[in-house]
Each structure stands twice: as structure tokens, then as C-alpha cells.
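Residues per chain, in single letters:
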Amino acid sequence: MSTGRYKILVYGCQMNIADAERMEGQLQSVGYTRTEETADADVILINTCCVRESAEDKVYGKIGEIKKLKERNPHLIFGIAGCMAQKEGDNLMQRAPHIDFVLGTGKVQELTRIIAEIRAEHSPVVDTVIGNTIAENLPIARGGKFSAWVPIMYGCNNFCTFCIVPYVRGRERSRTPEDVVAEVRRAVAEGYTEVTLLGQNVNSYGKDHKAADFADLLRMVDEVEGIRRVRFMTSHPKDISDKLIDTIRNGRHLCEHIHLPVQYGSNRILKAMNRVYTVESYRERVRRVREALPEASLTTDLIVGFPGETEEDFAATLDFLREIRYDSAYTFLYSKRSGTPAARMEDQVPDDVKHARLNLLMEEQNKISRDINEKLAGTELEVMVEGESKNDPAVWSGRTRTNKIVLFPHGTEQAGDFVHVRIDRAQTWVLKGEIC
Ligand code: SAM
Ligand code: SF4
Ligand code: F3S
């Protein structure tokens, strides 16, 4: 057993959080303990993201900071994992020789072996081969108390022209339904009542092994004894089938929230993005979702400033936003990712134009979010208590099944409890109310 302290810094999406929980689990299983102070750690690991340039810049900043710690403590082991590790490989070490190891996205299970190797041999390690197999039965040190991340598949086959993810996460690999359900059962036995099933495109689940599709898997997870809420992300609009929509409608614990990234609101740009659906087919899917699940919240991702975007394209996107009326949207400035087809496209949009369009998009969405939330005033919603609100310890923060944040005065309830709250006020990002 090793004795030492570790610190893992995590950037990027929920996939990276789930991977980091498996890294922590392994470190703890060989005797390491967690420290909150980076300066006190014997092992520092950064689990990185490269989806946009800004994500990479943050990591390079951190790598620079850790150089000073390494100079003070030559026994410190410093590793880079995740998507940027996969993308850059040993370039990272050339740029920053104080890095001891680079661990690719398919090598989470090798973490403790590699650290032991570095301890014994003191030579740097780079391991970024992505295989076809999925490492199962890894110990998991979950961050949340009541809500668990459960990856159901890894990788992506879609190759949207702007996106680096398929290059750094490899092809789609689905876990077996037995492995997913077993993980959910274990989580419930440990006290978790909510799970979020994760994948870059969860609707493609099972296309490789054919043992179950995503709707089948949802049904199996819904039936796990003790589960209260099942969430999932991300759904690709091309694969959101009637079977899936009906499964959610008929489910007991399947939450009525669908994150359905549209990315853009004009067919010309959607085609250039290789999103393989049209504005019309997307609209039809939303119609079907809303017909079957009138209470459901719908959220999205949008990118502005994709190469060749014109004023007309952007105006069409604003119109589409007004038409669909998402509960909320994550809006991004297009970021050129070298190696992707869009990075080689002509007519890159100037930064000032991108920023101006992003602001307009956010303004429009904020109005819509607020308007939708205001219509919830007077309703009673089931809320899972998550903890004290950030700004006021006398106020609890929780979430509805539709994934909206609700703030309400502290009562006798505890974090993890389910309560009913009558909504009396709404803001763009939160609802406020009282327990009823
Ligand atoms: N698989 C999910 C899907 O297809 O919607 C999304 C995964 S990606 C990690 C999250 C979001 O990042 C995408 O939906 C997209 O809006 C955004 N994104 C990806 N590449 C980007 C880029 N090059 N520039 C800006 N945003 C990007
Ligand atoms: Fe990226 Fe597209 Fe795959 Fe999502 S579906 S991860 S946006 S390539
Ligand atoms: Fe980033 Fe990798 Fe997720 S690039 S968004 S951490 S899949």
C-alpha cells in the first residue's frame, strides 16, 4: 500500500468528472488519501478538456503553477489525463518537462500502475492508446452524496466538423446493460437516489453490442429498487426515437428533462457542421417530445461564429430560438480546433462579430428562460434537496425533476430529502418558493 496524498483537478464535462471519480477510487484503493490543498499533495493529476481553446488555456496556466511545486518537492508526481492528454501526448512533456506522465482517455484503469512505475523507475510515461474494451469494476470515489454519474458508453462516431471529441475519445463503445444496472444498484445501495446516465450521444447506446438500446436500458434502470430519479445526457437529435420518448413517458423515475443540442438554426450551417438533421426534422422531434411530455424541460447547446456564418444564418438561429423556446441554453463561441474539418474552412468569423452575436443570443435566451420560469409561479414541484444555497445558509437549494434549481427557506428537511415546494417567484436561472 502507498501512503501519500493526492489532488485531482478536473476540467471539462461530466464524462471527465466520472473518469476522475474512477481515478480517485483507484488511488484510494492503494492507500492514497485526498487533500484539498494542491501544495500538500504527493500526486497531482489534472484531468483535462480540449473542447475549446479556452479550456486548454486554463490547463496550461495550471501546468505552469505546478512547476513551482515540483521545484520545491522533487518527489511530487505530476500527471496529465483526459482529452488534452490524449490530443497532445508527449508534446505536453516537451512543452513542460516537469510532467511525469500523460494518461490518455482510454487508460484510466492504468493510473496506479503508472504511478508505481514512476516511483520505482523515475522515468516519464506516456500512454494514450485507446482500445476497444471498457475497463469494468474499477473502484469509484463519488463526489456527490445523493447523485451519481454513470457512464453508459464512451467515445463518439458523429464527427461534427467543429468538434475534437471523436478524435480524443475514440469510437463509440457501450457498456453492457448488466454492467450499467449493476453500477446503478451499487450506487443505490450506497445511498444514491439519483443517477445521470452519461454518453456523448446516449441515444446511440447499444448500437455496437445490440444487447439493448437506450430505451431498453432506461427501462432497466428505472426498475432498480430504491432509485428515485434517472437523468441522462447528451441526446443527439438524429436518434431521439418515438420508442425513447414513449419510454420516458411511461417511466416512473425517468426525469422529464431532455438536453437536445441543436447547435445551430439554419440548414446551411447544420449541413456544414455535419449534424445530419435539419431544422425541420429537429422541429418535428421537439413537437413529438412536447406532445408526449408536456411537462418536460428542453435545453440545448448552441455555437455562434461557425465558419461562413452570415447575418441571415444568425437571424435564422435567433428565430429558431424564439420558436422552440428552450428552458435554457449553453451558448458557445466557435473555437477553432486544429485537426477538425471546420478549422480548415474558409471564412472564419472575426472575434468581434462572434462576441456581438453571442451577446444577442444570450440576451434572447435569458428573456425566454425567465418567461418560462415565471409561468411556473403558483405550481407545486417535487424538489430533491441538494444542500445550502451558495449565498445564504438559511436557504436550501434543490432541483426539480425537470432540472430547475429551486431555492427555499430551510426547514427540518435534510440534504437528499424529497420535498414539495410551491413556487412563488422566478428568475432566469432559479425558481424561489416555500415548502408546502
Ligand atoms: N455530444 C454532445 C452533442 O453532440 O451535443 C456534446 C458534447 S460537447 C463536449 C459539448 C458542447 O460543446 C457541444 O454541444 C458544442 O455545443 C460545444 N462545442 C464542441 N466543439 C466546439 C467548438 N469547437 N467550439 C465551440 N463549442 C464547441
Ligand atoms: Fe462532438 Fe458531435 Fe460527438 Fe457531440 S456528437 S461529441 S458535438 S462530434
Ligand atoms: Fe472536454 Fe473531453 Fe468532455 S474535450 S467536454 S472533457 S469529452
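Check the entry above for the structure.
These numbers were taken from a predicted model, which means no experiment stands behind them. Residue numbers restart at each chain and count upward from 1, following the sequence in its written direction. Chain letters and ligand numbers both follow the written order, the letters beginning at A and the numbers at 1. This being a predicted model, a pLDDT of at least 70 is required before a residue's local features are given, and a value of 80 or more before pairs of side-chain atoms are given or counted; all residues contribute to the totals for chains, interfaces and linings. Water and hydrogen atoms were dropped before computing side-chain values, which therefore reflect all heavy atoms in the structure.

I keep staring at the pattern of salt bridges and nothing clicks. Help me out?
For side chains bearing opposite charge, pairing can occur when the charged atoms are close. Salt bridge, as used here, is a side-chain nitrogen of Lys or Arg placed within 4 Å of a carboxyl oxygen of Asp or Glu. Scanning the model with the defined rule gives 51 salt bridges in all. Among the ionic pairs, Lys 62 bridges to Glu 65, the shortest N-O distance being 3.0 Å. Highlighted residues: Lys 62 and Glu 65, both in helix H2 (residues 53-72), separated by 3 residues, approximately one helical turn. Each residue gets one of three labels from its accessible area relative to the maximum for its type: buried under 20%, exposed over 50%, partly exposed in between, using a 1.4 Å probe on protein chains only. The exposure class of Lys 62 is partly exposed, given its relative accessible area of 22%. A residue is classified by how much of its surface remains accessible, and Glu 65, at 43% relative accessible area, is partly exposed. The partner of Asp 239 in a salt bridge is Lys 207, and the shortest N-O contact between them spans 3.3 Å. On the criterion of sequence distance, the pair formed by Asp 239 in the loop between strand S11 (229-233) and helix H9 (242-250) and Lys 207 in the loop between strand S10 (194-198) and helix H8 (214-222) is long-range, its members being 32 residues apart. Residue Asp 239 is classed as buried on the basis of its relative accessible area, which comes to 16%. One network of salt bridges, in which partners are shared, links Asp 242, Asp 246, Arg 249, Glu 284, Arg 285, Arg 287, Arg 288 and Glu 291. Secondary structure counts use DSSP, requiring at least four H or I residues in a row for a helix and at least two E residues in a row for a strand, with both numbered from the N terminus.

Mind showing me how you'd approach the site of ligand 2 here?
Residues are counted as near a molecule or strand when any one of their heavy atoms sits within 4 Å of it. What surrounds ligand 2 is the set Cys 156, Asn 158, Phe 159, Cys 160, Phe 162, Cys 163, Val 165, Pro 166, Gln 200, His 236 and Arg 275. Looking at the shell around ligand 2 residue by residue, the class counts come to 7 nonpolar, 3 polar and 1 charged. Ten residues, namely Ala, Val, Leu, Ile, Met, Phe, Trp, Tyr, Cys and Pro, are considered nonpolar, four, namely Asp, Glu, Lys and Arg, are considered charged, and the remaining ones, Gly among them, are considered polar.

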